[in-house]
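# Analysis of the macromolecular model
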Amino acid sequence: MDAIETMPLLRQRAVIGGEWTGADGGETIAVTNPATGEVLGTVPAMGAGETQRAIAAAEAAFRSWRKRTHAERAALLMAWHDLMLEHRAELAMILTLEQGKPLTEADGEIGYGASFVKWFAEEARRIDGGLIPSPTPDRRIAVLKEPVGVCGIVTPWNFPNAMITRKVAPALAAGCTVVVKPSELTPFSALAMAVLAEQAGIPAGVINVVTGLPTGIGGELTGNPAVRKLSFTGSTKVGSLLMAQCAPTVKRLSLELGGNAPFIVFDDADLDAAVEGALISKFRNGGQTCVCANRILVQSGIHDAFVEKLSARVAAMKVGPGTQEGVAIGPMINAAALEKIVRHVDDALAKGARLANERAALPEGPQYVAPIVLTGATTDMQLAGEETFGPVAPIFRFETEEEALAIANGTPFGLAAYFYTRDLARGFRVGEALEFGMVGLNTGLISTEVAPFGGVKQSGLGREGSQLGIEEYLETKAFHIGGLG
Ligand SMILES: NC(=O)C1=CN([C@@H]2O[C@H](COP(=O)(O)OP(=O)(O)OC[C@H]3O[C@@H](n4cnc5c(N)ncnc54)[C@H](O)[C@@H]3O)[C@@H](O)[C@H]2O)C=CC1
Ligand SMILES: O=C(O)[C@H](O)CS(=O)(=O)O
(Lines give C-alpha, C1' and ligand atoms only; values in the text may rest on other atoms or scores of the structure.)
(Ligands and ions follow the chains in the order given, each with its own letter.)
Protein backbone atom coordinates (compact mmCIF):
# COMPACT_ATOMS: atom_id res chain seq x y z
CA MET A 1 0.00 0.00 0.00
CA ASP A 2 1.46 3.34 -0.99
CA ALA A 3 -0.42 5.35 1.63
CA ILE A 4 2.45 7.30 3.19
CA GLU A 5 0.21 8.84 5.84
CA THR A 6 -0.05 5.46 7.55
CA MET A 7 3.68 5.29 8.16
CA PRO A 8 4.81 5.83 11.78
CA LEU A 9 7.93 7.75 10.70
CA LEU A 10 6.01 10.20 8.51
CA ARG A 11 6.02 13.73 9.94
CA GLN A 12 4.28 16.69 8.34
CA ARG A 13 5.88 19.14 10.77
CA ALA A 14 9.44 20.45 11.09
CA VAL A 15 11.53 20.12 14.24
CA ILE A 16 13.19 23.03 16.08
CA GLY A 17 14.82 22.57 19.47
CA GLY A 18 13.03 19.27 19.91
CA GLU A 19 9.60 20.81 19.20
CA TRP A 20 7.67 19.46 16.18
CA THR A 21 6.08 22.58 14.78
CA GLY A 22 4.38 24.23 11.82
CA ALA A 23 5.27 27.49 10.08
CA ASP A 24 4.56 30.68 12.02
CA GLY A 25 1.79 31.63 9.61
CA GLY A 26 0.53 28.07 9.22
CA GLU A 27 1.42 27.92 5.52
CA THR A 28 2.44 24.59 4.04
CA ILE A 29 3.94 23.26 0.79
CA ALA A 30 2.76 20.09 -0.87
CA VAL A 31 5.03 17.11 -1.48
CA THR A 32 4.05 15.08 -4.53
CA ASN A 33 4.66 11.51 -5.62
CA PRO A 34 6.63 11.83 -8.90
CA ALA A 35 5.18 8.53 -10.12
CA THR A 36 1.58 9.75 -10.00
CA GLY A 37 1.59 13.51 -9.41
CA GLU A 38 -0.60 12.95 -6.37
CA VAL A 39 0.03 14.92 -3.16
CA LEU A 40 1.63 12.67 -0.53
CA GLY A 41 1.30 15.26 2.22
CA THR A 42 2.53 18.68 3.22
CA VAL A 43 5.37 20.23 5.24
CA PRO A 44 5.56 23.68 6.87
CA ALA A 45 6.50 26.56 4.56
CA MET A 46 9.06 28.09 6.90
CA GLY A 47 11.31 31.07 6.27
CA ALA A 48 13.89 33.30 7.92
CA GLY A 49 12.07 33.65 11.26
CA GLU A 50 11.74 29.94 11.94
CA THR A 51 15.31 29.39 10.69
CA GLN A 52 16.58 32.03 13.12
CA ARG A 53 14.93 30.09 15.98
CA ALA A 54 16.43 26.84 14.73
CA ILE A 55 19.89 28.42 14.68
CA ALA A 56 19.36 29.68 18.23
CA ALA A 57 18.27 26.19 19.33
CA ALA A 58 21.36 24.67 17.69
CA GLU A 59 23.55 27.28 19.39
CA ALA A 60 22.05 26.48 22.80
CA ALA A 61 22.46 22.74 22.27
CA PHE A 62 26.04 23.21 21.02
CA ARG A 63 27.21 24.38 24.44
CA SER A 64 26.50 20.98 26.00
CA TRP A 65 26.82 18.73 22.94
CA ARG A 66 30.44 19.80 22.41
CA LYS A 67 31.22 18.78 26.00
CA ARG A 68 29.96 15.21 25.53
CA THR A 69 32.85 12.77 25.42
CA HIS A 70 33.77 11.35 22.02
CA ALA A 71 32.62 7.96 23.28
CA GLU A 72 29.19 9.35 24.26
CA ARG A 73 28.71 10.95 20.84
CA ALA A 74 29.88 7.74 19.17
CA ALA A 75 27.37 5.67 21.16
CA LEU A 76 24.47 7.99 20.28
CA LEU A 77 25.42 7.91 16.59
CA MET A 78 25.54 4.10 16.68
CA ALA A 79 22.08 4.05 18.30
CA TRP A 80 20.85 6.24 15.42
CA HIS A 81 22.53 3.88 12.91
CA ASP A 82 20.88 0.83 14.47
CA LEU A 83 17.43 2.45 14.37
CA MET A 84 17.93 3.35 10.70
CA LEU A 85 18.54 -0.31 9.88
CA GLU A 86 15.68 -1.43 12.10
CA HIS A 87 13.34 0.87 10.14
CA ARG A 88 15.07 0.33 6.77
CA ALA A 89 11.95 -0.83 4.91
CA GLU A 90 9.84 2.15 6.01
CA LEU A 91 12.62 4.66 5.32
CA ALA A 92 13.04 3.13 1.84
CA MET A 93 9.31 3.31 1.09
CA ILE A 94 9.10 6.95 2.20
CA LEU A 95 12.13 7.70 0.00
CA THR A 96 10.70 5.98 -3.08
CA LEU A 97 7.30 7.62 -2.69
CA GLU A 98 8.72 11.14 -2.51
CA GLN A 99 11.74 10.77 -4.83
CA GLY A 100 10.69 8.03 -7.26
CA LYS A 101 13.70 5.70 -7.38
CA PRO A 102 13.08 1.93 -7.51
CA LEU A 103 12.52 0.47 -4.05
CA THR A 104 15.61 -1.74 -4.41
CA GLU A 105 17.71 1.39 -4.96
CA ALA A 106 15.99 3.18 -2.08
CA ASP A 107 16.80 0.23 0.16
CA GLY A 108 20.40 0.48 -1.04
CA GLU A 109 20.45 4.17 -0.22
CA ILE A 110 19.28 3.53 3.34
CA GLY A 111 22.18 1.11 3.80
CA TYR A 112 24.54 3.64 2.19
CA GLY A 113 23.18 6.44 4.39
CA ALA A 114 23.54 4.30 7.53
CA SER A 115 27.14 3.47 6.57
CA PHE A 116 28.09 7.14 7.03
CA VAL A 117 26.56 7.19 10.52
CA LYS A 118 28.51 4.09 11.53
CA TRP A 119 31.71 5.35 9.89
CA PHE A 120 31.61 8.67 11.74
CA ALA A 121 30.58 7.05 15.02
CA GLU A 122 33.91 5.24 14.71
CA GLU A 123 35.76 8.35 13.56
CA ALA A 124 34.37 10.28 16.57
CA ARG A 125 36.68 8.32 18.85
CA ARG A 126 39.74 9.05 16.74
CA ILE A 127 39.56 12.83 16.84
CA ASP A 128 42.80 13.85 18.50
CA GLY A 129 45.37 16.59 18.26
CA GLY A 130 48.96 16.36 19.36
CA LEU A 131 51.82 17.79 21.40
CA ILE A 132 54.52 19.60 19.40
CA PRO A 133 58.12 19.55 20.74
CA SER A 134 58.61 23.13 21.95
CA PRO A 135 61.38 25.39 20.52
CA THR A 136 62.08 26.54 24.10
CA PRO A 137 62.29 24.49 27.33
CA ASP A 138 59.73 26.64 29.16
CA ARG A 139 56.70 25.80 27.09
CA ARG A 140 54.69 23.05 25.47
CA ILE A 141 52.54 23.44 22.35
CA ALA A 142 49.36 21.41 22.10
CA VAL A 143 47.26 21.07 18.93
CA LEU A 144 43.57 20.81 19.80
CA LYS A 145 40.83 19.66 17.41
CA GLU A 146 37.59 21.47 18.25
CA PRO A 147 34.09 21.49 16.68
CA VAL A 148 33.37 24.29 14.21
CA GLY A 149 30.02 25.08 15.88
CA VAL A 150 26.52 25.49 14.39
CA CYS A 151 26.39 24.13 10.83
CA GLY A 152 23.85 24.86 8.10
CA ILE A 153 23.15 21.79 5.96
CA VAL A 154 21.39 22.11 2.59
CA THR A 155 20.69 18.89 0.66
CA PRO A 156 19.32 17.84 -2.75
CA TRP A 157 16.36 15.66 -3.74
CA ASN A 158 18.24 12.88 -5.52
CA PHE A 159 19.61 11.12 -2.39
CA PRO A 160 17.31 12.45 0.33
CA ASN A 161 18.64 10.07 2.97
CA ALA A 162 22.35 9.59 2.30
CA MET A 163 23.05 13.26 1.62
CA ILE A 164 21.68 14.02 5.08
CA THR A 165 23.81 11.46 6.91
CA ARG A 166 26.95 12.20 4.82
CA LYS A 167 26.87 15.67 6.43
CA VAL A 168 25.05 15.32 9.75
CA ALA A 169 27.02 12.27 10.95
CA PRO A 170 30.50 13.89 10.75
CA ALA A 171 29.10 17.16 12.11
CA LEU A 172 27.67 15.48 15.22
CA ALA A 173 30.73 13.24 15.61
CA ALA A 174 32.91 16.37 15.70
CA GLY A 175 30.67 17.95 18.37
CA CYS A 176 28.78 20.35 16.08
CA THR A 177 25.03 20.93 15.99
CA VAL A 178 23.06 21.36 12.77
CA VAL A 179 20.15 23.09 11.05
CA VAL A 180 19.13 20.99 8.04
CA LYS A 181 17.16 22.28 5.04
CA PRO A 182 16.24 19.27 2.90
CA SER A 183 15.01 19.76 -0.65
CA GLU A 184 11.39 20.92 -0.69
CA LEU A 185 10.81 18.07 -3.15
CA THR A 186 11.85 15.32 -0.72
CA PRO A 187 11.58 16.50 2.91
CA PHE A 188 9.93 13.43 4.44
CA SER A 189 13.15 11.36 4.46
CA ALA A 190 14.97 14.02 6.49
CA LEU A 191 12.09 14.36 8.95
CA ALA A 192 11.91 10.59 9.40
CA MET A 193 15.64 10.59 10.20
CA ALA A 194 15.03 13.32 12.80
CA VAL A 195 12.41 11.11 14.46
CA LEU A 196 14.93 8.27 14.71
CA ALA A 197 17.62 10.63 16.04
CA GLU A 198 15.21 11.65 18.80
CA GLN A 199 14.48 7.97 19.57
CA ALA A 200 18.24 7.29 19.64
CA GLY A 201 18.61 9.82 22.45
CA ILE A 202 20.34 12.58 20.50
CA PRO A 203 19.42 15.65 22.56
CA ALA A 204 16.89 18.25 21.43
CA GLY A 205 18.41 21.06 19.40
CA VAL A 206 21.37 19.01 18.14
CA ILE A 207 19.53 18.21 14.90
CA ASN A 208 16.99 20.78 13.72
CA VAL A 209 15.13 20.37 10.40
CA VAL A 210 13.43 23.35 8.76
CA THR A 211 11.30 22.91 5.67
CA GLY A 212 10.04 25.37 3.12
CA LEU A 213 10.98 27.22 -0.03
CA PRO A 214 14.77 27.68 -0.19
CA THR A 215 15.58 31.38 -0.45
CA GLY A 216 14.21 32.53 2.94
CA ILE A 217 15.77 29.66 4.85
CA GLY A 218 18.97 29.81 2.80
CA GLY A 219 19.31 33.54 3.32
CA GLU A 220 19.26 33.04 7.10
CA LEU A 221 21.59 30.02 7.10
CA THR A 222 24.15 31.88 4.98
CA GLY A 223 23.76 35.31 6.60
CA ASN A 224 23.45 34.54 10.31
CA PRO A 225 26.90 34.90 11.99
CA ALA A 226 26.00 32.21 14.53
CA VAL A 227 26.24 29.66 11.68
CA ARG A 228 29.94 28.90 11.36
CA LYS A 229 29.78 26.48 8.46
CA LEU A 230 27.63 25.67 5.46
CA SER A 231 27.62 22.21 3.88
CA PHE A 232 25.76 22.08 0.57
CA THR A 233 25.06 19.42 -2.02
CA GLY A 234 23.36 20.43 -5.22
CA SER A 235 23.87 22.33 -8.42
CA THR A 236 26.92 24.46 -9.08
CA LYS A 237 24.64 27.41 -9.80
CA VAL A 238 23.12 27.33 -6.31
CA GLY A 239 26.39 26.33 -4.66
CA SER A 240 28.20 29.38 -5.96
CA LEU A 241 25.27 31.60 -4.93
CA LEU A 242 25.42 30.23 -1.37
CA MET A 243 29.19 30.61 -1.34
CA ALA A 244 28.78 34.30 -2.14
CA GLN A 245 26.09 34.69 0.54
CA CYS A 246 28.43 33.11 3.12
CA ALA A 247 31.33 35.42 2.28
CA PRO A 248 30.38 38.39 4.53
CA THR A 249 30.46 36.13 7.63
CA VAL A 250 33.44 34.05 6.37
CA LYS A 251 31.84 30.66 6.98
CA ARG A 252 33.60 27.33 6.47
CA LEU A 253 32.28 25.69 3.30
CA SER A 254 31.77 22.16 2.00
CA LEU A 255 30.33 22.15 -1.52
CA GLU A 256 29.38 19.01 -3.44
CA LEU A 257 28.23 20.37 -6.77
CA GLY A 258 27.45 19.40 -10.35
CA GLY A 259 29.38 17.02 -12.53
CA ASN A 260 29.86 16.05 -16.18
CA ALA A 261 31.46 12.63 -15.91
CA PRO A 262 33.27 11.11 -18.89
CA PHE A 263 33.15 7.31 -19.23
CA ILE A 264 35.99 6.19 -21.55
CA VAL A 265 36.16 2.71 -23.15
CA PHE A 266 39.46 1.85 -24.81
CA ASP A 267 39.82 -0.82 -27.51
CA ASP A 268 41.54 -3.19 -25.07
CA ALA A 269 38.79 -2.94 -22.42
CA ASP A 270 36.93 -5.98 -21.13
CA LEU A 271 33.79 -5.38 -23.20
CA ASP A 272 31.27 -7.00 -20.86
CA ALA A 273 32.77 -5.30 -17.81
CA ALA A 274 32.63 -1.94 -19.61
CA VAL A 275 28.96 -2.45 -20.50
CA GLU A 276 28.12 -3.41 -16.91
CA GLY A 277 30.04 -0.38 -15.64
CA ALA A 278 28.24 1.94 -18.05
CA LEU A 279 24.84 0.58 -17.01
CA ILE A 280 25.42 1.19 -13.30
CA SER A 281 27.20 4.49 -13.71
CA LYS A 282 24.73 5.93 -16.22
CA PHE A 283 21.35 4.59 -15.15
CA ARG A 284 21.54 4.45 -11.33
CA ASN A 285 18.70 6.57 -9.92
CA GLY A 286 17.46 7.04 -13.51
CA GLY A 287 20.66 8.93 -14.31
CA GLN A 288 19.90 11.48 -11.58
CA THR A 289 23.18 11.39 -9.71
CA CYS A 290 26.01 13.90 -9.82
CA VAL A 291 28.53 11.13 -10.57
CA CYS A 292 26.57 9.54 -13.44
CA ALA A 293 28.44 8.97 -16.68
CA ASN A 294 27.29 11.98 -18.71
CA ARG A 295 29.47 11.44 -21.81
CA ILE A 296 30.42 7.92 -22.96
CA LEU A 297 33.60 7.98 -25.08
CA VAL A 298 34.28 4.74 -27.02
CA GLN A 299 37.40 4.02 -29.05
CA SER A 300 36.59 3.15 -32.67
CA GLY A 301 37.88 -0.44 -32.51
CA ILE A 302 35.38 -1.50 -29.84
CA HIS A 303 32.67 1.05 -30.66
CA ASP A 304 30.14 -1.05 -32.59
CA ALA A 305 30.33 -4.07 -30.28
CA PHE A 306 29.94 -1.81 -27.22
CA VAL A 307 26.96 0.07 -28.70
CA GLU A 308 25.26 -3.20 -29.69
CA LYS A 309 25.61 -4.73 -26.20
CA LEU A 310 24.72 -1.57 -24.30
CA SER A 311 21.68 -0.81 -26.49
CA ALA A 312 20.30 -4.33 -26.05
CA ARG A 313 20.51 -4.01 -22.24
CA VAL A 314 18.99 -0.51 -22.25
CA ALA A 315 16.11 -1.56 -24.51
CA ALA A 316 15.21 -4.26 -21.97
CA MET A 317 14.96 -1.83 -19.02
CA LYS A 318 11.54 -1.55 -17.43
CA VAL A 319 10.16 1.93 -16.77
CA GLY A 320 7.57 2.45 -14.05
CA PRO A 321 6.79 3.48 -10.47
CA GLY A 322 9.58 2.69 -8.02
CA THR A 323 7.18 0.57 -5.96
CA GLN A 324 6.71 -1.87 -8.87
CA GLU A 325 8.74 -5.08 -8.95
CA GLY A 326 11.45 -5.17 -11.62
CA VAL A 327 11.38 -1.48 -12.48
CA ALA A 328 14.83 -0.18 -13.49
CA ILE A 329 13.94 3.43 -14.29
CA GLY A 330 11.50 5.33 -12.10
CA PRO A 331 9.90 8.71 -12.81
CA MET A 332 12.04 11.83 -13.07
CA ILE A 333 11.71 14.12 -10.07
CA ASN A 334 9.66 16.87 -11.73
CA ALA A 335 8.56 18.46 -15.00
CA ALA A 336 11.62 20.72 -15.15
CA ALA A 337 13.94 17.71 -15.00
CA LEU A 338 11.97 16.02 -17.78
CA GLU A 339 12.05 19.18 -19.89
CA LYS A 340 15.86 19.35 -19.64
CA ILE A 341 16.24 15.70 -20.70
CA VAL A 342 13.92 16.17 -23.70
CA ARG A 343 15.76 19.38 -24.65
CA HIS A 344 19.11 17.59 -24.58
CA VAL A 345 17.85 14.67 -26.70
CA ASP A 346 16.10 16.89 -29.24
CA ASP A 347 19.20 19.07 -29.57
CA ALA A 348 21.46 16.03 -30.05
CA LEU A 349 19.17 14.47 -32.68
CA ALA A 350 18.96 17.81 -34.50
CA LYS A 351 22.77 17.91 -34.58
CA GLY A 352 23.17 14.42 -36.06
CA ALA A 353 22.96 11.97 -33.15
CA ARG A 354 21.03 8.75 -33.80
CA LEU A 355 18.86 6.61 -31.51
CA ALA A 356 20.52 3.20 -31.04
CA ASN A 357 17.68 1.39 -29.26
CA GLU A 358 13.91 1.02 -29.29
CA ARG A 359 12.33 3.27 -26.64
CA ALA A 360 10.65 1.27 -23.83
CA ALA A 361 6.89 1.53 -23.42
CA LEU A 362 5.97 4.16 -20.81
CA PRO A 363 3.33 3.72 -18.11
CA GLU A 364 0.70 6.32 -17.24
CA GLY A 365 2.25 9.15 -15.25
CA PRO A 366 3.57 12.69 -15.61
CA GLN A 367 7.34 12.25 -15.51
CA TYR A 368 8.41 9.03 -17.19
CA VAL A 369 11.09 8.93 -19.88
CA ALA A 370 12.49 5.94 -21.74
CA PRO A 371 16.19 5.14 -21.28
CA ILE A 372 18.08 5.61 -24.54
CA VAL A 373 21.49 5.25 -26.16
CA LEU A 374 22.47 7.91 -28.71
CA THR A 375 25.33 7.35 -31.18
CA GLY A 376 27.13 10.03 -33.15
CA ALA A 377 27.34 12.40 -30.17
CA THR A 378 29.61 15.41 -30.66
CA THR A 379 31.03 18.03 -28.34
CA ASP A 380 28.88 20.85 -29.79
CA MET A 381 25.71 19.24 -28.38
CA GLN A 382 24.10 20.60 -25.19
CA LEU A 383 24.42 17.18 -23.49
CA ALA A 384 28.21 17.41 -23.84
CA GLY A 385 28.45 20.62 -21.82
CA GLU A 386 25.68 20.16 -19.22
CA GLU A 387 24.82 17.17 -17.07
CA THR A 388 21.60 15.70 -18.46
CA PHE A 389 20.58 14.23 -15.10
CA GLY A 390 18.48 11.58 -16.86
CA PRO A 391 18.62 8.12 -18.53
CA VAL A 392 20.37 9.23 -21.73
CA ALA A 393 23.65 7.60 -22.78
CA PRO A 394 25.37 9.63 -25.53
CA ILE A 395 28.22 7.76 -27.27
CA PHE A 396 31.18 9.81 -28.52
CA ARG A 397 33.52 7.85 -30.86
CA PHE A 398 37.26 8.61 -30.55
CA GLU A 399 40.51 7.40 -32.17
CA THR A 400 43.41 8.18 -29.81
CA GLU A 401 44.07 8.42 -26.05
CA GLU A 402 45.04 12.09 -26.43
CA GLU A 403 41.72 12.83 -28.14
CA ALA A 404 39.79 11.04 -25.39
CA LEU A 405 41.59 12.96 -22.63
CA ALA A 406 41.03 16.28 -24.38
CA ILE A 407 37.29 15.61 -24.63
CA ALA A 408 37.09 14.21 -21.08
CA ASN A 409 38.88 17.16 -19.50
CA GLY A 410 37.14 19.71 -21.73
CA THR A 411 34.62 20.76 -19.06
CA PRO A 412 34.60 23.24 -16.14
CA PHE A 413 33.43 20.39 -13.93
CA GLY A 414 35.66 17.86 -12.20
CA LEU A 415 33.66 15.49 -10.01
CA ALA A 416 33.85 11.88 -11.31
CA ALA A 417 35.42 10.14 -14.33
CA TYR A 418 35.60 6.49 -15.39
CA PHE A 419 37.66 4.51 -17.89
CA TYR A 420 38.15 0.90 -18.95
CA THR A 421 41.45 -0.54 -20.15
CA ARG A 422 43.52 -3.63 -19.36
CA ASP A 423 46.77 -1.86 -20.09
CA LEU A 424 48.47 -1.09 -16.76
CA ALA A 425 50.64 1.75 -18.08
CA ARG A 426 47.61 3.36 -19.70
CA GLY A 427 45.74 2.88 -16.43
CA PHE A 428 48.22 5.05 -14.55
CA ARG A 429 48.70 7.52 -17.43
CA VAL A 430 44.99 8.21 -17.90
CA GLY A 431 44.08 7.97 -14.21
CA GLU A 432 46.62 10.66 -13.40
CA ALA A 433 45.74 12.84 -16.42
CA LEU A 434 42.00 13.01 -15.72
CA GLU A 435 41.13 16.32 -13.96
CA PHE A 436 38.49 14.98 -11.58
CA GLY A 437 38.15 14.44 -7.84
CA MET A 438 37.20 10.78 -8.21
CA VAL A 439 38.27 8.34 -10.95
CA GLY A 440 37.06 4.78 -11.51
CA LEU A 441 39.32 2.41 -13.47
CA ASN A 442 37.40 -0.70 -14.63
CA THR A 443 34.53 0.15 -12.29
CA GLY A 444 31.41 2.30 -12.66
CA LEU A 445 30.72 2.56 -8.94
CA ILE A 446 32.85 4.82 -6.75
CA SER A 447 30.44 5.68 -3.92
CA THR A 448 31.46 4.34 -0.53
CA GLU A 449 31.79 5.86 2.92
CA VAL A 450 35.44 4.82 3.21
CA ALA A 451 36.71 6.89 0.24
CA PRO A 452 36.90 10.69 -0.07
CA PHE A 453 33.95 11.99 -2.11
CA GLY A 454 34.23 15.35 -3.81
CA GLY A 455 35.22 17.33 -6.86
CA VAL A 456 37.68 19.84 -8.27
CA LYS A 457 37.15 22.90 -10.46
CA GLN A 458 33.43 23.89 -10.44
CA SER A 459 32.34 20.61 -8.86
CA GLY A 460 32.98 21.80 -5.36
CA LEU A 461 35.15 22.20 -2.29
CA GLY A 462 36.12 19.72 0.38
CA ARG A 463 35.62 15.97 0.78
CA GLU A 464 32.88 13.90 2.41
CA GLY A 465 33.19 10.43 3.90
CA SER A 466 36.58 8.76 4.51
CA GLN A 467 38.99 9.94 7.21
CA LEU A 468 38.91 13.39 5.60
CA GLY A 469 35.19 13.98 6.07
CA ILE A 470 35.33 14.84 9.77
CA GLU A 471 38.02 17.50 9.25
CA GLU A 472 35.35 19.59 7.46
CA TYR A 473 33.64 20.00 10.88
CA LEU A 474 36.74 20.59 13.03
CA GLU A 475 38.89 23.64 13.78
CA THR A 476 42.57 23.33 14.74
CA LYS A 477 43.76 25.31 17.78
CA ALA A 478 47.43 25.82 18.66
CA PHE A 479 47.54 25.95 22.46
CA HIS A 480 50.85 27.31 23.80
CA ILE A 481 51.51 26.55 27.50
CA GLY A 482 54.34 28.79 28.76
CA GLY A 483 56.00 29.46 32.10
CA LEU A 484 57.17 25.84 32.48
CA GLY A 485 60.86 26.78 32.86
N1 LIG B 1 28.20 16.73 -6.07
C2 LIG B 1 27.22 16.05 -5.51
O3 LIG B 1 27.41 15.20 -4.62
C4 LIG B 1 25.83 16.30 -5.94
C5 LIG B 1 25.50 17.31 -6.85
N6 LIG B 1 24.18 17.49 -7.25
C7 LIG B 1 23.86 18.46 -8.30
O8 LIG B 1 22.63 19.18 -7.95
C9 LIG B 1 21.74 19.21 -9.07
C10 LIG B 1 20.53 18.42 -8.83
O11 LIG B 1 20.10 18.57 -7.51
P12 LIG B 1 19.06 19.74 -7.16
O13 LIG B 1 18.47 19.45 -5.84
O14 LIG B 1 18.14 20.03 -8.30
O15 LIG B 1 20.00 20.98 -7.00
P16 LIG B 1 19.60 22.43 -6.48
O17 LIG B 1 20.91 23.08 -6.43
O18 LIG B 1 18.51 23.07 -7.24
O19 LIG B 1 19.02 22.22 -4.98
C20 LIG B 1 19.81 21.65 -4.00
C21 LIG B 1 19.33 22.17 -2.67
O22 LIG B 1 19.55 23.57 -2.65
C23 LIG B 1 18.36 24.24 -2.27
N24 LIG B 1 18.35 25.58 -2.84
C25 LIG B 1 18.05 25.95 -4.11
N26 LIG B 1 18.16 27.30 -4.22
C27 LIG B 1 18.55 27.77 -3.00
C28 LIG B 1 18.83 29.06 -2.45
N29 LIG B 1 18.75 30.17 -3.19
N30 LIG B 1 19.19 29.15 -1.13
C31 LIG B 1 19.27 28.05 -0.36
N32 LIG B 1 19.02 26.79 -0.82
C33 LIG B 1 18.67 26.67 -2.13
C34 LIG B 1 17.24 23.34 -2.76
O35 LIG B 1 16.05 23.62 -2.04
C36 LIG B 1 17.82 21.97 -2.42
O37 LIG B 1 17.61 21.71 -1.05
C38 LIG B 1 22.52 18.66 -10.20
O39 LIG B 1 23.24 19.70 -10.85
C40 LIG B 1 23.53 17.70 -9.57
O41 LIG B 1 24.67 17.46 -10.32
C42 LIG B 1 23.16 16.78 -6.71
C43 LIG B 1 23.46 15.80 -5.79
C44 LIG B 1 24.80 15.46 -5.37
O1 LIG C 1 23.81 13.07 -4.78
C2 LIG C 1 24.50 12.36 -5.45
O3 LIG C 1 24.49 12.33 -6.68
C4 LIG C 1 25.38 11.45 -4.69
O5 LIG C 1 26.53 12.13 -4.27
C6 LIG C 1 25.71 10.30 -5.54
S7 LIG C 1 26.42 9.01 -4.67
O8 LIG C 1 27.00 9.49 -3.40
O9 LIG C 1 25.35 8.02 -4.44
O10 LIG C 1 27.44 8.54 -5.61
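- Per an unreviewed UniProt entry, the recorded name for the protein chain is NAD-dependent succinate-semialdehyde dehydrogenase, and the organism is Jiella avicenniae.
- Note on the protein chain: under the UniProt heading Sequence similarities (unreviewed entry), the record states "Belongs to the aldehyde dehydrogenase family."

## Examining the overall build of the protein chain
- Assigned secondary structure in the protein chain consists of 14 helices and 22 strands.
- For the protein chain, the spread of C-alpha atoms along the three principal axes comes to 75 × 60 × 40 Å.
- For the protein chain, the residues scored as buried account for 58% of the 485 residues in total.
- If you take every contact in the protein chain between residues at least 6 apart in sequence, the share linking residues at least 24 apart comes to 75%.
- When the accessible surface of the protein chain is split by element, carbon and sulfur atoms take 56% of a total near 18,300 Å².
- Put simply, the protein chain has 42 plus and 53 minus side-chain charges, and the middle of one group is 6 Å from the middle of the other.

## Considerations on the site of ligand 1
- Close to ligand 1 lie 29 residues, the nearest being Thr-155, Glu-184, Ser-235, Leu-257 and Glu-387.
- A distance of 2.8 Å is found between an oxygen atom of ligand 1 and a side-chain nitrogen or oxygen belonging to Lys-181.
- Note that an oxygen atom of ligand 1 is positioned 3.2 Å from one of the backbone N or O atoms of Gly-234.
- About the coverage of ligand 1: the protein hides 88% of its 830 Å² of free accessible area.

## Concerning the UniProt feature "domain: Aldehyde dehydrogenase" (unreviewed entry) in the protein chain
- UniProt's entry tags residues 20–478 with the feature "domain: Aldehyde dehydrogenase" (unreviewed entry), counted in the numbering of this structure.
- As annotated, residues 20–478 comprises 40% helix and 20% strand, and the C-alpha atoms at either end are separated by 40 Å.

## A closer look at the nonpolar core
- In terms of nonpolar packing, the biggest core is built from 69 residues, with Ile-264, Val-291, Ile-296, Phe-306, Leu-310 and Leu-434 touching the most fellow members.
- The element contributing the most residues to this core is helix H9 (residues 271–283), with six residues.
- Those residues in contact with Leu-434, other than ones at most four positions away along the chain, are Ile-264, Leu-405, Ala-408, Asn-409, Ala-417, Phe-419 and Val-439.
- Of all hydrophobic cores here, the second largest spans 67 residues; its members include Leu-76, Leu-77, Ala-106 and Ala-171.

## Quick look at the packing of aromatic side chains
- By the definition in use, this model includes five aromatic pairs.
- Seen from their ring centres, Tyr-112 and Phe-116 are 5.0 Å apart, and the 65° between their planes marks the pair as edge-to-face. Of the two residues, Tyr-112 and Phe-116 both sit in helix H4 (residues 103–124), four residues apart, roughly one turn of that helix.
- Joined through ring pairs, the aromatic side chains of Phe-263, Tyr-418 and Tyr-420 make up one cluster.
- In this structure, Arg-166 packs its charged tip against the face of Phe-453, placed 3.9 Å from the ring centre.
- Here Arg-426 stacks its cationic end above the ring of Phe-266, 4.2 Å away from the centre of that ring.

Cut-off values and rules
- Residues take numbers from 1 onward in each chain, read along the sequence in its written order.
- Written order decides the labels, with chains lettered from A and ligands numbered from 1.
- Local features in this predicted model are restricted to residues whose pLDDT is 70 or higher, and side-chain atom pairs enter the listing and the counts only when it is 80 or higher, whereas totals over whole chains, interfaces and linings include all residues.
- The basis for every side-chain value is the complete set of non-hydrogen atoms in the structure, without hydrogens or water.
- UniProt positions are given in the numbering used here, feature names are shortened, and annotations may be inferred rather than shown by experiment.
- To qualify as a helix, a DSSP run of H or I must reach at least 4 residues; to qualify as a strand, a run of E must reach at least 2; elements of each kind are numbered from the N terminus.
- Between buried and exposed lies partly exposed: a residue is buried under 20% and exposed over 50% of the maximum accessible area for its type, with that area taken using a 1.4 Å probe on protein chains only.
- Here, two residues are considered to be in contact whenever any of their heavy atoms come within 4.5 Å of each other.
- Using a 1.4 Å probe, accessible areas were evaluated by the Shrake-Rupley method; residue-level cover was limited to the displayed protein chains.
- In this count, Lys and Arg are taken as positive residues and Asp and Glu as negative ones, while His and the chain termini are left out.
- Think of each charge as sitting on NZ of Lys, CZ of Arg, CG of Asp or CD of Glu.
- Nearness of a residue to a molecule or strand requires only that one of the residue's heavy atoms be within 4 Å of it.
- N or O atoms closer than or at 3.5 Å make up a polar contact, with two conditions inside protein: a donor-capable atom paired with an acceptor-capable one, and, for residues adjacent in sequence, both atoms drawn from side chains.
- To define a nonpolar core, start from buried Ala, Val, Leu, Ile, Met, Phe, Trp, Tyr and Cys residues and group those joined through side-chain atoms within 4.5 Å.
- Working definition: a ring pair exists when centres of Phe, Tyr or Trp rings (six-membered ring for Trp) sit within 6.5 Å. Plane angles under 30 degrees give stacked, over 60 give edge-to-face, the rest tilted.
- Whether a charge sits over a ring depends on NZ of Lys or CZ of Arg being within 6 Å of the ring centre and within 35 degrees of the ring normal.

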